[in-house]
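Notes for the structure review
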Amino acid sequence: MTNKYIKQINCSDYQELSGRAAALVADIVKKQPKARLGLPTGSTPIGMYKILGEMNLDFSLCHTFNLDEYAGLASSDKRSYRAFMQEQLFSRINLPESGIHFLNGTAQDLEKECRRYDEELERLGPLNLQILGMGLNGHIGFNEPADSFIPQAHIQPLSPSTIKANSRFFNQESEVPRQALTMGVAPIMRAEKILLLICGKEKCALLEKALSGPITPKLPVSLLQLHSNVTIITCTKDQA
Ligand code: F6R
C-alpha cells in the first residue's frame with residue numbers, strides 16, 4: 001500500500017534536487033519568519049545550502065538545530081560539523097549567532113550536553129522543518145542501526161561503514177572520531193514536516209526497501225513511515 005503521507009519527487013540530477021530542496025526551505029522561511037529548522041551536514045545538502053545562500057532570504061528571526069556533531073572536535077576545528085555549517089550556510093545568510101543551536105562535541109560532560117540540547121529543543125518548541133540526509137546504512141542524523149530507537153539526544157558510537165564513508169572529510173580514516181553526539185528520533189518525528197534528500201543509486205534502492213519494509217531500528221530511516229508529512233527528494237545520478 002502506498003503511504004499517502006510521503007511525497008516523493010524524483011529529479012534528473014543533483015542540481016535539480018538542490019534547487020527543489022532550496023525552494024521548499026525558502027517557502028517555509030518566507031511564510032514563517034521565525035521558523036525552527038533542523039539541519040543536516042554531509043555532501044548531500046551542500047548544493048541546497050549554496051542556493052539558499054544566494055536567495056537573499058531573511059533568517060534573522062529563525063532558529064536552526066543541527067542534527068549532530070563529532071565527539072572531541074571543537075567548533076573551531078575545520079573538520080567539525082559546526083565549522084562545516086559556518087562555511088556552507090551560516091556565513092552566507094543573516095542568521096544571528098543566537099539562532100544557531102549545536103551539540104558541543106567538546107563539552108566536559110557529554111551526557112549533560114545531550115540533556116542541555118534536548119531541553120533547548122523543548123524550550124523553543126517543535127521544529128517546523130527537519131531536513132535529513134541518509135547514511136548508506138540507513139542512519140538519520142547519527143542514529144545508527146541498532147536494536148531500539150533512542151528518542152533523546154545521545155552519545156553514539158559510529159559504525160564502521162559510517163567511519164569509512166565520512167573519512168573523505170578527513171586526511172585519513174584513523175582521524176575520524178569514533179563517537180558523535182546526535183539528536184534522537186523524538187524531535188525528528190515531532191517536526192511538523194520532514195524533508196529527506198537522497199542522492200545516488202545505492203541510496204535510492206535502500207530508501208525503497210526502508211519505506212516498503214518493516215519499521216525497524218536496524219534501518220533507522222524506516223521510521224519515517226510513521227510521520228504524517230514527509231517530502232523526499234531523490235536523484236539516482238551521483239552527486240558530481
Ligand atoms: C549528518 C547527518 C547524516 C548524513 C548522512 C548522509 O549531519 O545527519 O545522517 O545526512 O550521513 O551524508 P552524505 O550526505 O554525506 O551522504
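Residues numbered from 1 in each chain as written. Predicted model: local features only at pLDDT ≥ 70, side-chain atom pairs only at ≥ 80, totals over all residues. Heavy atoms only, no water.

Considerations on the overall build of the protein
Within the protein, the regular secondary structure consists of 7 helices and 10 strands. At 17 Å, the protein has a C-alpha radius of gyration in line with the 18 Å of a compact globule built from 240 residues. Counting only C-alpha atoms, the protein reaches 50 × 40 × 35 Å along its principal axes. Across the 240 residues of the protein, 56% fall into the buried class. Of all intrachain contacts in the protein linking residues separated by at least 6 positions in sequence, the fraction that spans at least 24 positions is 79%. Accessible area of the protein: about 11200 Å², with a carbon and sulfur share of 51%. (Helix = DSSP H or I, 4+ residues; strand = E, 2+ residues; numbered from the N terminus. Rg over C-alpha atoms; globule rule 2.2 N^0.38 Å. Buried < 20%, exposed > 50% of the residue type's maximum accessible area, 1.4 Å probe, protein only. Contact = heavy atoms within 4.5 Å. Areas by Shrake-Rupley, 256 points an atom, 1.4 Å probe, with all protein chains shown as cover.)

Some remarks on the side chain of His 227
Tracing the backbone shows His 227 in the loop between helix 7 (201-212) and strand 10 (230-235). Given a relative accessible area of 4%, His 227 falls into the buried group. A polar contact is formed between the side chain of His 227 and the backbone nitrogen of Asn 229, at a distance of 3.0 Å. Setting aside its immediate chain neighbours within four residues, His 227 contacts Tyr 5, Ile 188, Met 189, Ala 191, Glu 192, Lys 193 and Ile 194. (Polar contact = N/O pair within 3.5 Å; in protein donor to acceptor, adjacent residues only side chain to side chain.)

Quick look at helix 3 (residues 81-88)
By the criterion of burial, helix 3 is predominantly enclosed, with 6 of the 8 residues buried. Burial in helix 3 covers these residues: Tyr 81, Arg 82, Ala 83, Phe 84, Met 85 and Gln 88. Of the surrounding elements, those touching the buried residues of helix 3 are strand 2 (36-39), helix 2 (46-53), strand 3 (63-66), strand 4 (68-70), strand 5 (100-101) and helix 5 (160-166).

Re the environment of Leu 103
Inspection of the secondary structure puts Leu 103 in the loop between strand 5 and helix 4 (110-124). Along the chain, Leu 103 and Ser 76 lie 27 residues apart, while their C-alpha atoms are 13 Å from each other. With residues near it in sequence (within four places) discarded, Leu 103 still touches Leu 67, Asp 68, Glu 69, Glu 113, Cys 114, Arg 116, Tyr 117, Leu 181, Thr 182 and Met 183.

Thoughts on the packing of aromatic side chains
Under the defined criterion, the tally for this structure stands at 5 aromatic pairs. Ring plane angle 80° and centroid distance 5.5 Å describe the contact between Tyr 70 and Phe 170, whose orientation is recorded as edge-to-face. Of this pair, Tyr 70 sits in strand 4 while Phe 170 sits in the loop between helix 5 and strand 8 (179-182), and the two are 100 residues apart along the sequence. Relative accessible area serves as the criterion here: at 1%, Tyr 70 is assigned to the buried category. According to the relative accessible area criterion, Phe 170 is buried, its value standing at 8%. (Phe/Tyr/Trp six-rings, centres within 6.5 Å; stacked < 30°, edge-to-face > 60°.)

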